[in-house]
Amino acid sequence: MTQNAEREQWGSKIGFILAAAGSAVGLGNIWRFPYITGQNGGAAFVLVYIALVIVIGSSVMLAEMAIGRKAQLNAVGSFQKLAGGLWPVVGWMGIVSGFTILSFYGVVGGWTIKYFFHSFTGLMAEGLAGKAGDVFGAFVSNPTLVVAYQAVFMLTTIWVVYKGVGEGIEKYCKFLMPALFLILFVLIARSVTLEGAAKGLDFYLRPDFSKITGTSIATALGQAFFSLSLGMGCMITYGSYVDKQTTLPSSAVQVCVIDTLVAFLAGLVIFPAVFAFGVDAGAGPGLTFVTLPSVFAMMPGGMIWSALFFLLLYIAALTSAISLLEVVSAYFIDRGWSRPKAAVIMGFLIFALGVPCATSLSGAPKVYGKDFFDAMDFLSSNVLLPLGGVFISLFVGWFWTNDARKEVTNEGAHGFTLLEVWIWICRVVAPAAILYIFYTGLKW
Ligand code: TRP
């Protein structure tokens, strides 16, 4: 572990917020949140989700940022420096999760690029002919093509991480996040003004409390961890580039608000459009790549809407993938590797690990790659990330408490009204809730 004096830093607080929000806002918001909300009781599920983000998500996020800023090191190094003993294992779990998540994330990231271009080259005609499902099936079972697009996606990810914290991650996120918001608002305006949009809003937003079960609460928690990029040291790593003047509690809250807002807004794009054209809203994971192209095909100027939507998805996926690669690379950079070497080698290894994932989709009937994604989803969202969250909370709540108090108040320079509430959430509420939900969720 080398302690370099000139550790890279974010150029500004807004740069840090946008980079962290870029990490959080991803496929999880635009692809996953809307369809699981649709399957789990609409507005009722959104309420449960928001409650979990407020109480548990924001607390764990603050805990991660505090650990990283104090230690000024990657996820493993931070625990080594602040505590030692077995604690670095938590960081190692994070590195492993980074590898796993990015290997399949890169595959889906490649799909977004393919669909962006394909919007102009036949996707609309296929959608109109009702062939979007077959076309998607044929695409994902063509290993060469899938791997080629995955490679392009990973190359862009590696490029940004290669350029560094300020000149790469921050610079691109400061440009891409506003672009993402702009595209999102244009698409919402289009979607909610379609004739018949109200039915979609009703489906998405009408609370159905009967659908809230132990399983759906577990789903909401897993979603919160995945969507907020928590439980694997991502915010530890990003926190390690924050200067000592930035206030952490407000940063954590801002990132949570942006992330939740984008997830919610993505549903406002998807459901009104899906209902306006009378296609199946319960399509699950295939909603984005199968259902939506048919919807765009029926709109005037569909090609443009489709391209905009997949561009949105690409941007969201890219700024998240960057953060996953950064977690892994930061470990090696702190061990003395140069940034280019770490980014290229790790990026390539993760790409290689993703190749079997990409090709495993060729198995014929799994058109939506459901089995594969279910397994990956389950392992990362429902096991590794919540477990990481438990240890991170316990660490702050019981072992590193006084230093944590100092770190989140900038050594007492900034008041933090909810300081003790936060400590108690880390101490008991978050670990108990996560473990309970984990237990009920794992049984289904
Ligand atoms: N939060 C991203 C999404 O919603 C994915 C992601 C990026 C992530 N970094 C992470 C998930 C770290 C878990 C941990 O798509």
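In this text, all values refer to a predicted model and were calculated from it rather than measured experimentally.

Enquirer: I tried to follow the overall build of the protein on my own but got confused; where do I start?
Expert: Of the regular secondary structure elements, the protein holds 19 helices and 0 strands. A buried classification covers 61% of the 444 residues belonging to the protein. Total accessible area computed for the protein in this model is approximately 15,900 Å², and 69% of it derives from carbon and sulfur atoms. Side chains of the protein carry 25 positive and 22 negative charges; the gap between the two charge centres is 2 Å.

Enquirer: Sorry if this is basic, but what is going on with the site of the ligand here?
Expert: Taken together, 17 residues lie around the ligand, and A24, G28, Y105, F226 and S229 are the ones closest in. Between S23 and the ligand, the recorded distance is 3.2 Å, taken from a backbone N or O atom to a nitrogen atom. The fraction of the free accessible surface of the ligand (370 Å²) that becomes covered by protein chains is 100%. Put simply, the parts of the chain that give the shell around the ligand at least two residues each are helix 1 (13-24), helix 2 (27-39), helix 5 (88-118), helix 11 (214-227) and helix 15 (302-334).

Enquirer: Explain helix 8 (residues 143-163) to me, please; I cannot follow it from the model alone.
Expert: The periodicity of an α-helix, 3.6 residues per turn, causes residues three or four positions apart to be oriented the same way. With 21 residues, helix 8 should reach 30 Å at 1.5 Å per residue; the first-to-last C-alpha distance of 30 Å fits that figure. Here helix 8 has its buried residues at V146, V147, Q150, F153, M154, T157, I158, V160 and V161. Projected down its long axis, helix 8 shows its buried positions confined to an angular sector of 160°, all on one face. Summarising the geometry of helix 8, the exposed residues directed more than 90 degrees from the buried face are T144 and L155. Tucked inside the fold, the buried residues of helix 8 contact helix 5, helix 7 (132-140), helix 9 (165-192), helix 15 and helix 16 (339-360). After helix 8 finishes, the residue G164 shows a positive phi value of roughly 110°.

Enquirer: Would you mind going over the side chain of S320 with me for this structure?
Expert: Note that S320 resides in helix 15. A polar contact is formed between the side chain of S320 and the backbone oxygen of A316, at a distance of 3.1 Å. Every residue in contact with S320, bar those within four places of it in the chain, is listed here: G22, S23, V25, G26 and Y105.

Enquirer: What is the right way to read the packing of helix 4 (residues 75-82) against helix 5 from this model?
Expert: A packed helix pair is summarised by two numbers, namely the angle formed by the two axes and the spacing between the axes. Closest axis-to-axis distance for the helix 4/helix 5 pair is 7 Å, and the angle between their directions is 180°. The orientation of helix 4 relative to helix 5 falls into the category roughly antiparallel. Taking contact as the criterion, the partners of A75, V76, F79 and Q80 in helix 4 are, on helix 5, P88, V90, G91, W92 and I95. When grouped by side-chain class, the residues that make up the contact of helix 4 with helix 5 number 7 nonpolar, 2 polar and no charged.

Enquirer: What's the story with the state of the cysteines in this structure? I'm lost.
Expert: Here, the word disulfide means a covalent bond between the sulfur atoms of two cysteines. Within the structure shown, the criterion is met by 0 disulfides. Lacking any disulfide linkage, C173 is separated from the closest cysteine sulfur, that of C234, by 11 Å. Residue class for C173 comes out buried when judged on its relative accessible area of 0%. The thiol of C256 is not disulfide-bonded; the next cysteine sulfur, from C426, is found 13 Å away.

Enquirer: Just checking my understanding: could you explain helix 14 (residues 291-298) for this structure?
Expert: In terms of burial, helix 14 is a largely internal element, 7 of the 8 residues being buried. Of the positions making up helix 14, those classed as buried are T291, L292, P293, S294, V295, F296 and A297. Those residues of helix 14 hidden inside the fold are in contact with helix 5, helix 6 (123-128), helix 7, helix 13 (248-276) and helix 15.

Enquirer: What is the right way to look at the packing of aromatic side chains in this model?
Expert: The geometry of an aromatic ring pair comes down to the distance between the two centres and the angle between the two planes. Enumeration according to the criterion identifies 36 aromatic pairs in this entry. An angle of 25° between the planes, with centres 6.3 Å apart, marks the rings of F181 and F185 as stacked. On the criterion of helical spacing, the pair formed by F181 and F185 is a turn pair, its members being 4 residues apart in helix 9. One aromatic cluster is present, built from ring pairs that chain together W111, Y115, F136, F139, Y149, F289, F296, F309 and F310. Its end group placed over the ring of W337, K341 keeps NZ or CZ at 4.4 Å from the ring centre. Over the aromatic face of W398 sits the side chain of R427, whose NZ or CZ is 5.2 Å from the ring centroid.

Enquirer: Is there a simple way to think about the packing of helix 8 against helix 16 in this case?
Expert: At their nearest, the axes of helix 8 and helix 16 sit 9 Å apart, and the two run at 160° to each other. On the basis of their axis angle, the class for helix 8 and helix 16 is roughly antiparallel. Considering only the axes of helix 8 and helix 16, their crossing is right-handed. Of the residues in helix 16, those touching helix 8 at P143, V146, V147, Q150, A151, M154, I158, V161, Y162 and K163 are R339, P340, A343, V344, G347, F348, I350, F351, G354, V355, A358 and T359. When the residues that make up the contact of helix 8 with helix 16 are grouped by side-chain class, the tally is 16 nonpolar, 4 polar and 2 charged.

Cut-offs used in this document
- Residues numbered from 1 in each chain as written.
- Predicted model: local features only at pLDDT ≥ 70, side-chain atom pairs only at ≥ 80, totals over all residues.
- Heavy atoms only, no water.
- Helix = DSSP H or I, 4+ residues; strand = E, 2+ residues; numbered from the N terminus.
- Buried < 20%, exposed > 50% of the residue type's maximum accessible area, 1.4 Å probe, protein only.
- Areas by Shrake-Rupley, 256 points an atom, 1.4 Å probe, with all protein chains shown as cover.
- Lys, Arg positive; Asp, Glu negative; His and termini not counted.
- Charge placed at Lys NZ, Arg CZ, Asp CG, Glu CD.
- Near = heavy atom within 4 Å.
- Polar contact = N/O pair within 3.5 Å; in protein donor to acceptor, adjacent residues only side chain to side chain.
- Expected span 1.5 Å × (residues − 1).
- Arc of directions from axis to C-beta.
- Contact = heavy atoms within 4.5 Å.
- Axes fitted to C-alpha atoms, helices over the stretch in contact; angles between N-to-C directions.
- Parallel < 35°, antiparallel > 145°, perpendicular 65-115°, else oblique.
- Nonpolar A, V, L, I, M, F, W, Y, C, P; charged D, E, K, R; others polar.
- Disulfide = S-S within 2.5 Å.
- Phe/Tyr/Trp six-rings, centres within 6.5 Å; stacked < 30°, edge-to-face > 60°.
- Lys NZ or Arg CZ within 6 Å of the ring centre and 35° of its normal.
- Left-handed = near helix turned anticlockwise from the far one by under 90°.

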